Amino acid sequence: EFYLLDPLEKTPINAISPLSRKRSANTSVLSIDDLDEFEHFFSEVYTACEDYDIPVDSAISENSAGQFEINLTHSENVLNAADQAIFFKRLLKGIAKKHSLVASFMAKPFLDRAGSGMHLHFSIVDDSNQNIFNNGTEEGSMNLKHAVGGLIKAMPNSTLVFAPHLNSYKRLKEGSHAPTSICWGYENRTASIRIPGGNLEDIRIEHRVAGADANPYLVSAAILAAALKGIEDNCKPPVAIRGDSYQKPLPQIPSDWLTAISLFKNSQLNKLLDLTQ
């Protein structure tokens, strides 16, 4: 997720459409018209991504005026996926500048608007290339549940990786479309960990905590480390939630930078990621 901003303004404001020369003031989620307003920009982004083998998928208009999302399709190698995320961000910023725009990946450039996340979807395959989360049911295998258990257990100590800057915590607010509770659920977009629906062969985990400002390499490493630890230890997750997580008495994700720094500093995760050596 990202914002297209006007570089000529002293304070952040969403960009003027090159097509209509108007600045949108409305939130039009999934609006085709909003994409059409920046047609030439998005066309060049997709052409450049094809040239550089960056596997982009759909582009959508998001929850705020001037906010968009472009999905990257899955990669079989997590390092490649992180590389592609970094290349994509740099490419997008360069093309935005060419079109007299600014592409912002701040977690929360506007206090009164939706923040920008970087949701990571993953599954794990065995030596036979079979998805170990798939047991033929929508509920998923015990490997999936143990992976979720590991992610839940590690979340307080790993929040600093997902929200690395002071601004990051302005995004993690109740009712903001960003998660605030340490929980999981099936097809629940208010949960910090979601199990999307769809083809059972492709069952996966979506980790929804990281902001668009997070480091894809560290986010991937922290998530996979926690998931694998959960599988190795048969870590049992709490009960999957139903309904609005904001309205439930649940454990909370650290809500400020200093708390997240302290929890990370005193955890084993910083040694695993080798960030403080």
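Structure: see above.
All of the points below concern the structure found in this document. (Residues numbered from 1 in each chain as written. Predicted model: local features only at pLDDT ≥ 70, side-chain atom pairs only at ≥ 80, totals over all residues. Heavy atoms only, no water.)

What follows concerns the overall build of the chain. What the chain contains, in helices and strands, is eight helices and eight strands. Relative to a compact globule of 277 residues, whose C-alpha radius of gyration would be 19 Å, the chain shows 19 Å and is just as compact. Projected onto its principal axes, the C-alpha positions of the chain cover 55 × 40 × 40 Å. Going through the 277 residues of the chain one by one, you find that 47% of them count as buried. Pairs at least 24 residues apart make up 68% of the contacts formed inside the chain by residues separated by at least 6 positions. Accessible surface for the chain amounts to roughly 14,700 Å². Of this, 52% is attributable to carbon and sulfur atoms. (Helix = DSSP H or I, 4+ residues; strand = E, 2+ residues; numbered from the N terminus. Rg over C-alpha atoms; globule rule 2.2 N^0.38 Å. Buried < 20%, exposed > 50% of the residue type's maximum accessible area, 1.4 Å probe, protein only. Contact = heavy atoms within 4.5 Å. Areas by Shrake-Rupley, 256 points an atom, 1.4 Å probe, with all protein chains shown as cover.)

The strand order across the open sheet built from four strands is E2-E3-E1-E4, with neighbouring strands paired in antiparallel fashion. Single-partner strands in this sheet number two, and they are strand E2 (56-61) and strand E4 (102-104). Recorded for the sheet is a direction-independent mean angle of 30° between the axes of neighbouring strands. When strand E1 (residues 2-5) meets strand E3 (residues 67-72), the two strands line up antiparallel, connected through two bridges. If you follow Tyr3 over to E3, its bridge partner there is Gln67. Most of the contacts of helix H2 (residues 39-51) go to E2, to which it runs at about 165°, and overall it touches E1, E2 and E3. Contacting E1, E2, E3 and E4, helix H3 (residues 78-98) crosses the sheet at an angle of about 140° to E3. (Pairing = 2+ DSSP bridges. Axes fitted to C-alpha atoms, helices over the stretch in contact; angles between N-to-C directions.)

Bringing unusual backbone geometry into the picture now. Non-glycine residue Ser100 carries a positive phi angle of around 60°. Its location among the elements puts Ser100 in the loop between H3 and E4. On the accessibility criterion, Ser100 (54% relative accessible area) is exposed.

Attention now goes to helix H6 (residues 216-232). Residue pairs three or four apart in sequence face the same way in an α-helix, which turns once every 3.6 residues. Between the first and last C-alpha of H6 there are 24 Å, a value that for 17 residues agrees with the 24 Å anticipated at 1.5 Å per step. All of the buried residues along H6 are Pro216, Val219, Ser220, Ala222, Ile223, Ala226, Ala227, Gly230 and Ile231. Down the axis of H6, the buried side of the element spans an arc of 165°, and every buried residue falls inside it. The N-terminus of H6 is capped by Asn215, whose side-chain oxygen sits 2.8 Å from the backbone nitrogen of Tyr217. (Expected span 1.5 Å × (residues − 1). Arc of directions from axis to C-beta. Polar contact = N/O pair within 3.5 Å; in protein donor to acceptor, adjacent residues only side chain to side chain.)

Next up on the list: the pairing of E2. The pairing of E2 with E3 spans four bridges and is antiparallel. What sits directly across from Val56, in E3, is Leu72.

Note that all results are geometric; they support no functional claim without further evidence.
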